[in-house]
Amino acid sequence: MTKKKKNAKRGFAIFLATLLTATSLPFTAGSAFAQDEPFEIRFDFGTSDSSVADGYVKVTEESIYSAEQGFGFTDTTNVLATNRESTDELQSDFVSFSDTIFSVDLPNGDYAVSIVSGDADETTEFGVKAESIQKIQDTSLNAGQFTDKNFEIALIDGQLTIELTGKQPKINALTITELPRRISAAHPTVYVASDSTAQTYDPYWNPQAGWGQMLPRYFDTDVTIKNHAIGGRSSKTFYTEGRLDTILREIKPNDYLLIQFGHNDATISVPERYTSVEDFKIYMETYVAGIRQRGGIPILVTPVGRRSFNPETEKFNISFPGYKQAMEDVAAEQDVLLVDLNTLSREYYDEIGPEGTRSVFLHVDAGVYSAFPEGRTDDTHFQAYGATQIARLLSGGIAKLDTPLANYVVEIAPPESAPSPPTALVFSSISNAGALLTWDDVEGADIYRIYRKPSNEDEFKLIGTSTISRHSLTGMDEVTTYDVVVTAVNLKGESKQSEIVQVTTQEATLKFDFGLDGTPVAGGYTAVNLSTIYSKERGYGIVDSEGMIGRDRGEGGDVLRDWLGYFNVGWHFNVDVPNGLYAVKMYVGDFLGSARTNLAIEGEDYGAVNAPSRGYIERVITNVKITDGQMNFHFTGSTGIVNGIELTPILVAPSDIALTDQSIDANNPSVTLSWNETVGANSYNIYRQTSGTEQAELIKNVNETTFTDPTVDLGKVYDYTITTVDNSGAESVASLPLTVEMIGESHPDTTSPTTTHLIDQEAINGWYNSNVTIELDAVDADSGVADTYYSVNNGEQQVGRQIVLEEEGIYNVSYWSIDLSGNTEEKNHVEVSIDKTAPTIDFSVEADTIFTVDQEISISCEVEDALSGIDSVTCEESTKLAYELGVGTYTLTAEATDKAGNSIKKDIEIFIEVNYDSLSSLSQKFIDLNNGNADITEGLQSKLAAAKISNEKGNTKARDNQLNAFVNQVNSQTGKALANEQAETLINLAKALME
């Protein structure tokens, strides 16, 4: 329902208000859908003098709409009619129109619409919007090709509107047929028109769900629920995309439509779906009218509340108050059933509190659900448990309405008893600010409640809820012991508390205070200022501080008072740490303004860390995996500022792995390893990889910090790695490998090494289009590899396992290795071809060349590539008269790709202009092409010559008189000395000269 349509209908709100007064009363199956004979009306579009097919109403370019006539165009300015004068009365003529609407007054109801389109002589490209809904997508037809397209439409406002879309839209005929009227079923169907808060989600998105998805469990099985809710839609886009139309064409008398919108209507930042409260009310009235006209029963549902609350009172805010009020107003004014889900949900949120609502909304930890590998904190959408609760509230509201549907609401009986208390509580991933708590599933539990207190206090406090048997505890103080209990909850009530489990948070091993040089540094923290550049010796630091800034606000404490940042650009900070899993605690804030920082660690995006104005925020990231001995931070965002960072090892891989004993006795070979004890270790996994194999294998789990491997073989080389396993079964990353060679004097090495190469990039047609890095991997199962060598194009021999080729050209690379016993491998070879330069394109015409409309333009282009050669070319090559391109700027485009995949696109502009001389010349060419009379040519040219003189004198009135005379003569010769297209071209060019 666009503004254009509102204007076309002379003020949609006033019109609809009047219409609703007449049509919005409750209908019965007998009165609203009595089986009258369906009627049909047909329109034949053409010129005023073309014939009309039998049984059709004539529509011409002059058919302006009037209420008395009941059909026509709202504006005929852009309506053109054409008659090809063929024998087929429908196909011989057509009307083309744009920027206007063809309207037909009809009784409200459902209709089948058929549209014939095509042109015997020229191409057609058309689509159709009906009631502002794109019913026929743009379709291209060749000359002589016709199509008969059909669609159905539900009419609400007593007038069917038709708009044509496409570049060459044409309509030959329009047939509108009333569809058979539907009758009510034995039991109602409940339709849902709403957004993502109600939609049904594919199982992939578990645990996300919408309340419409959960609604069937609260209704008798005789009721059918048809959930049409879809994400991202407002009341406006649900209408304009034809989704309401689909429901209206299906709904039967005594069926119901639940209507809930507001979330997306309020998004003013997305204009295509934003709906003002005033327009929202009109859309609600439209939905109500459409349903009632078909004997259905609408129920308005105020928008479900979001997780938005006052942090001081912990009372929830009213969500979308304007849209809530608009629904209540429509319900009162139109006597429509209403369920105030907005209030019901808010009262429910207040009852369970902010922490309890985390299990209602989509708050999930990272690594739990495949659809949300990084976790999700979403205060709009629901988990399955939350969607179920909202469906329960809604169905309860429907049960209180004075309507037959209330009798179908099913009250789910609670279980016979509350669940048993949870057991087997275990903590893992313990950091300086939180921990992961897991427990065994409890049969019959809907959700779990987690309570916590410092061990030296008496009162437990609810700190979270969970729909699964795990919860990430946060907001804990460093090196502090806490008591934690968990309860299970179902509709019958809450279980007894679990046994108390204790957890003591760790102390961060690395703390960094970011600020300017000379500002105070918090106790226990390491200062980082703009001069703290990373080096291997320092082990931490900023990668590049150029362009960065810092500020000291002088309040908030030593960590929070100052910060470093780089607005809108971002910066990197690196810290060398042992391999393992870490928790990162980050402080972001500015006591003079707001802070907007995005965080990425090890290339993993952890989203925004935004602090309110003159405040700060703490963010804890758990289970950051380090496998290369260095933690890499990337801070971006509109401010990109950071005040402090704390790193706490959660589960670190063992360090200082050593070979403490080795036996190369042929009868009893063995290897004995030892390592340092790791904090939080319950056991250790020992992995071994034999040289020449692709994967390490787990050979033993041990509880001690030593291990003897008696399964080794002489003559082989092994890499040992060790991981730490905690009491929850979580495993750390692997330690750095320890290589052990089982080579004895009785086993000489006579075999040369094997070297292979790897190029990570993919070649295109045997060519690379960027720098190429060749990685060499050498293996020797006996004595081991001493060195690896290579040469490029038979050049100097070099030592190394990485070859970087940066220049363009063709390279022949040789590589080989020598083992510790002196065995030399035969040379291996690989050819690498590099082309990084795109082809060149030259056009046959110069850029910015000016052509007059009577000139012939020959367009071509030449493409060359010096290395890999041309793979594909797209070039517009043609010879045309300039007038065919149209007056103005014309862009020539060519694209080319070489065999290495390098692409180029080149555009140049040429200019087509018309003047009196070129129009005179073109007129003569057209007359000559049609063997016209020289007198006609002379008449046209004389008028142009006179117009030129008048123009030079500045007499625009005399100029335009001569040009109009030229146009009149052209019109008189149309179809005679001038073809239709030629005449149209000359007229348009003459009009351009007038401008």
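Within each chain, residues carry numbers counting from 1 in the order of the written sequence. For this predicted model, a pLDDT threshold of at least 70 governs which residues receive local features, and a threshold of 80 or more governs which side-chain atom pairs are given and counted, while totals over whole chains, interfaces and linings are taken from all residues. As a convention, hydrogens and water are excluded, and side-chain values are obtained from all of the structure's heavy atoms.

Q: Help me understand the overall build of the protein chain, please; the structure alone is not making it clear to me.
A: Here a helix means four or more residues in a row that DSSP labels H or I, a strand means two or more in a row labelled E, and each is numbered from the N terminus. Within the protein chain one finds 14 helices and 62 strands. In summary, the protein chain has a C-alpha radius of gyration of 39 Å against a globular reference of 30 Å for 995 residues, an excess of more than 25%. With the principal axes as the frame, the protein chain shows a C-alpha extent of 115 × 85 × 60 Å. Across the 995 residues of the protein chain, 48% fall into the buried class. The size measure is the radius of gyration over C-alpha atoms, and the globule rule it meets is 2.2 Å times the number of residues to the 0.38 power. Type-normalised accessible area, obtained with a 1.4 Å probe on protein chains alone, sets the label of each residue: buried when under 20%, exposed when over 50%, and partly exposed for intermediate values.

Q: Teacher, can you tell me more about the sheet that holds strand β54 (residues 828-834) here?
A: In any sheet, the strands associate via hydrogen bonds between backbone groups, in a parallel or an antiparallel arrangement. In this analysis, strands are considered paired if DSSP registers two or more bridges between them. Strand order in the open sheet formed by 4 strands is β51-β50-β53-β54, and the pairing between neighbours is antiparallel. Each having just a single partner strand, β51 (798-799) and β54 make up the two edges of the open sheet. In terms of strand pairing, strand β50 (residues 785-792) meets strand β53 (residues 809-819) through 7 bridges, oriented antiparallel. Residue Asp 787 lies in a different strand from β53, and its bridge partner there is Ile 818.

Q: What am I meant to see in the pairing of strand β45 (residues 706-709) here?
A: Regular strands place their side chains on alternate faces of the sheet. Only one face of β45 is covered, namely the one carrying Phe 707 and Asp 709; the face carrying Thr 706 and Thr 708 has none of its residues buried. Bridge count between strand β42 (residues 670-674) and β45: 4 bridges; the pairing is antiparallel. Bridging across to β45, Thr 672 finds its partner in Thr 708.

Q: Is there a simple way to explain the pattern of salt bridges in this structure?
A: Proximity of charged atoms lets side chains of opposite charge pair with each other. Here, a salt bridge means any Lys or Arg side-chain nitrogen found within 4 Å of an Asp or Glu carboxyl oxygen. Tallied over the entire structure, the rule returns 31 salt bridges. Note that Lys 170 is salt-bridged to Asp 119, the shortest N-O span being 2.8 Å. Of this pair, Lys 170 sits in the loop between β11 (159-168) and β12 (173-178) while Asp 119 sits in the loop between β7 (109-118) and β8 (124-130); the two residues are 51 residues apart in sequence, bridging distant segments of the chain. On the accessibility criterion, Asp 119 (0% relative accessible area) is buried. Of the charged contacts, one joins Arg 449 and Glu 494 as a salt bridge, the two residues approaching to 3.1 Å between their closest N and O atoms. Of this pair, Arg 449 sits in strand β23 (residues 447-454) while Glu 494 sits in strand β27 (residues 493-494), and the two are 45 residues apart along the sequence. Connected through salt bridges with shared partners, the residues Arg 84, Asp 119, Asp 121, Glu 122 and Lys 170 form a single ionic network.

Q: Honestly, a negative patch on the surface in this entry has me stumped. Any pointers?
A: Among the surface-exposed residues, Asp 848, Glu 895, Asp 907 and Glu 909 lie close enough to one another that they form a single negatively charged patch. Within the secondary structure, Asp 907 is located in strand β62 (residues 903-913). Note that patches include only residues with greater than 30% relative accessible area and no salt bridge, and the join distances are 9 Å for like charges and 5 Å for nonpolar side chains (Val, Leu, Ile, Met, Phe, Trp, Tyr). To be clear on the numbers: accessible area is Shrake-Rupley with a 1.4 Å probe, and residue cover counts the displayed protein chains and nothing else. Counting rule for charge: Lys and Arg are taken as positive, Asp and Glu as negative, and neither His nor the chain ends is counted. Every charge is mapped to an atom, namely NZ of Lys, CZ of Arg, CG of Asp or CD of Glu.

Q: Is there a simple way to explain the confidence of the model for the protein chain in this structure?
A: Regions with low pLDDT carry predicted coordinates that are not meant to be interpreted in detail. The predictor attaches a confidence to each residue, called pLDDT, with possible values from 0 through 100. Per-residue pLDDT for the protein chain has a mean of 90; in total, 96% of the residues score no lower than 70. Residues are treated as being in contact if the distance between any of their heavy atoms lies within 4.5 Å. The low-confidence segment residues 1-35 (pLDDT under 50) makes 66 contacts with residues lying over four places distant or belonging to another chain.

Q: How should I be thinking about the environment of Arg 959 in this particular structure?
A: Its place among the elements puts Arg 959 in helix α13 (residues 956-972). Through-space distance from the C-alpha of Arg 959 to that of Lys 948 is 7.0 Å; in sequence the pair is 11 residues apart. With sequence-adjacent residues up to four places away left out, Arg 959 is seen in contact with Tyr 916, Ala 947, Ser 950, Asn 951, Leu 993 and Met 994.

Q: Before we go on, may I ask you to explain helix α11 (residues 916-929) in this structure?
A: An α-helical segment advances 3.6 residues per turn. Residues three or four places apart therefore align on the same side. Given a rise of 1.5 Å per residue, 14 residues ought to cover 20 Å, and the 20 Å separating the end C-alpha atoms of α11 matches this to within 8%. Every buried residue of α11 is listed here: Tyr 916, Ser 918, Leu 919, Ser 920, Leu 922, Ser 923, Phe 926 and Ile 927. The inward-facing, buried residues of α11 contact β56 (850-852), β62, α12 (934-952), α13 and α14 (980-994). Asn 931 occupies a position one or two residues after α11 and carries a positive phi of about 55°. Helix span, expected: 1.5 Å multiplied by one less than the number of residues in the helix.

Q: What should I look at first to understand the packing of aromatic side chains in this one?
A: Given two aromatic rings, one states the distance between the centres and the angle between the planes to describe the pair. Classification of ring pairs uses Phe, Tyr and Trp, with its six-membered ring standing for Trp, and accepts pairs whose centres are within 6.5 Å; under 30 degrees between planes counts as stacked, over 60 as edge-to-face, and the remaining range as tilted. All told, the structure shown has 32 aromatic pairs when counted by the stated rule. Taking the centre distance of 5.3 Å and the plane angle of 75° together, the rings of Phe 512 and Phe 573 count as edge-to-face. Pair noted here: Phe 512 is in strand β29 (residues 510-514) and Phe 573 is in strand β34 (residues 571-576), with a separation of 61 residues, a long-range link. Per residue, the accessibility class of Phe 512 equals that of Phe 573, and both read buried. Here the aromatic rings of Phe 573 and Phe 633 are separated by 6.2 Å at their centres, their planes lie at 45°, and the arrangement is tilted.

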